[in-house]
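Structural overview
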Amino acid sequence: MAKLTKAQREWRPGMPKKRRSTKVMFASTVLLLEAFVAVFGTLAVFGLRRDEFSPALIFSVGIGLALVLAFTCAVVTKPWGIGLGWILQLVLIASGIFEPAMYLVGALFAVAWWYGIRTGIRIDREAAQRDREQAAWEAAHPAGSEPEPGARNP
């Protein structure tokens, strides 16, 4: 049998599902899309500049960048993960040195990263407020205390 995760071991029937961070989902989406762009950018540099740079260098740097972008998704929940994401945005923009179109592509992804982080933080804040208000309402209105919709009042 497969090993259970900590969340699976601690789960009990009736437990509410923990809300996932929208900021983390947006950040992970942007980083994974950038990883694909890094792979395709690597192929473009290989096709256009293989006489200027060693193919082994082109592929090792390009695939390495794609892997770092993809693996950064695992650490965006950490306090330093978002900072690493910003550094990777700058690296993607700087890749325009090898392929000038990457200046534009990197800048557009940096805008998408900024917007995703900013909007994700706002959505997470609103969801937390909604959860607090729902918990307060449920505390003020216990489940068994309300009369049935068709019941008569004496």
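Predicted model, so just to flag it, every value in this text is computed and none were measured.

**Structural notes on the overall build of the protein chain**
When helices and strands are tallied, the protein chain shows five helices and zero strands. Listing every helix and strand of the protein chain by position from the N terminus yields α-α-α-α-α. In summary, the protein chain has a C-alpha radius of gyration of 24 Å against a globular reference of 15 Å for 154 residues, an excess of more than 25%. A burial count over the protein chain gives 27% of its 154 residues as buried. Here the contacts in the protein chain between residues at least 6 apart in sequence split such that 66% fall between residues at least 24 apart. As displayed, the protein chain offers around 11200 Å² of accessible surface, 67% of which is attributable to carbon and sulfur atoms. Side chains of the protein chain carry 18 positive and 12 negative charges; the gap between the two charge centres is 5 Å.

**Considering the environment of A7**
Within the secondary structure layout, A7 lies in helix α1 (residues 6-10). Taking C-alpha positions, A7 is 34 Å from V39, a pair spaced 32 residues apart along the chain.

**Points about the side chain of E34**
On the secondary structure map, E34 appears in helix α2 (residues 22-49). Here E34 occupies a buried position and makes no salt bridge, while the nearest side chain of opposite charge, K23, is found at 15 Å.

**Brief notes about the confidence of the model for the protein chain**
When the pLDDT values of the protein chain are averaged, the result is 90; 92% of them are 70 or greater. The lowest-confidence element of the protein chain is α1, averaging 80 in pLDDT; the highest-confidence one is helix α4 (residues 81-94), averaging 96.

**Details of the pattern of salt bridges**
Taken as a whole and assessed by the stated rule, the structure comprises three salt bridges. A salt bridge links D131 to R19; the nearest nitrogen and oxygen atoms lie 2.8 Å apart. Here R19 lies in the loop between α1 and α2 and D131 lies in helix α5 (residues 101-140), a separation of 112 residues in the sequence. Notably, a salt bridge pairs R49 with E52, separated by 3.7 Å at the nearest N-O pair. Here R49 falls in the partly exposed class, since its relative accessible area comes to 22%.

**Points about the layout of surface pockets**
Size it by volume and the largest pocket reaches roughly 350 Å³. What lines the largest pocket is a set of 17 residues, and nearest its centre among them are V45, V61, G62, S95 and F98. Breaking the lining of the largest pocket down by element, the ones donating at least two residues are α2, α3 (55-72) and α4. A total of five residues in the lining of the largest pocket trace back to one element, the largest contributor, which is α3. A per-class count over the lining of the largest pocket returns twelve nonpolar, four polar and one charged. There is about 190 Å³ of room inside the second largest pocket.

**Considering a nonpolar patch on the surface**
A grouping of L33, F36, F40, L43, F59, I63, L67 and F71 is seen on the molecular surface, where their side chains present a nonpolar patch of about 810 Å² in accessible area. The set of elements that each furnish at least two residues to the nonpolar patch consists of α2 and α3. Examined against the element boundaries, L33 turns out to sit in helix α2.

**A word on the packing of aromatic side chains**
Overall, the coordinates contain three aromatic pairs when judged by the stated rule. Considering the side-chain rings of F46 and F59, the 4.8 Å spacing of their centres and the 45° angle between planes classify their relative orientation as tilted. Highlighted residues: F46 in helix α2 and F59 in helix α3, separated in sequence by 13 residues. Positioned over the ring face of F46 is R50, at 5.0 Å from the centre of the ring.

Rules used throughout
Per chain, the residues get numbers from 1 upward, laid out in the order the sequence is written. Local features in a predicted model are, by the rule used here, given only for residues with pLDDT of at least 70; side-chain atom pairs are given and counted only at 80 or more, and totals for whole chains, interfaces and linings are based on all residues. The basis for every side-chain value is the complete set of non-hydrogen atoms in the structure, without hydrogens or water. Runs of E in the DSSP output that reach at least two residues are strands. Runs of H or I that reach at least four are helices, and both are numbered from the N terminus. Radius of gyration: over C-alpha atoms. The globule rule applied is 2.2 Å multiplied by the number of residues raised to the 0.38 power. Relative accessibility thresholds used throughout: buried, under 20% of the residue-type maximum; exposed, over 50%; partly exposed, between the two (1.4 Å probe, protein chains only). Contacts are assigned to residue pairs that have any heavy atoms within 4.5 Å of one another. Note on areas: Shrake-Rupley with a 1.4 Å probe; residue coverage comes only from the protein chains shown. Positive charge is attributed to Lys and Arg, negative charge to Asp and Glu, and no charge count is given to His or to the chain ends. In this description, the location of a charge corresponds to atom NZ of lysine, CZ of arginine, CG of aspartate or CD of glutamate. Salt bridges are counted wherever a side-chain nitrogen of Lys or Arg sits within 4 Å of a carboxyl oxygen of Asp or Glu. One number per residue, pLDDT, summarises how confident the predictor is, and it ranges from 0 to 100. Using only the protein atoms, space was sampled on a 1 Å grid; points where a 1.4 Å probe fits but cannot get out form cavities, open sets with protein on both sides within 12 Å along at least five of seven lines form pockets, and lining residues are those with an atom within 4 Å of a point. Grid points are joined across faces, edges and corners, and a volume is the space filled by probe spheres set on the points. Only Asp, Glu, Lys and Arg are considered charged, only Ala, Val, Leu, Ile, Met, Phe, Trp, Tyr, Cys and Pro nonpolar, and every remaining residue, Gly among them, polar. Patch definition: residues above 30% relative accessible area lacking any salt bridge, with like charges linked at up to 9 Å and the nonpolar side chains Val, Leu, Ile, Met, Phe, Trp and Tyr linked at up to 5 Å. Pairing of aromatic side chains here covers Phe, Tyr and the six-membered ring of Trp, requires ring centres within 6.5 Å, and sorts the geometry by plane angle: under 30 degrees stacked, over 60 edge-to-face, intermediate tilted. We call a charge positioned over a ring when the NZ of a Lys or the CZ of an Arg lies within 6 Å of the ring centre and within 35 degrees of the ring normal.

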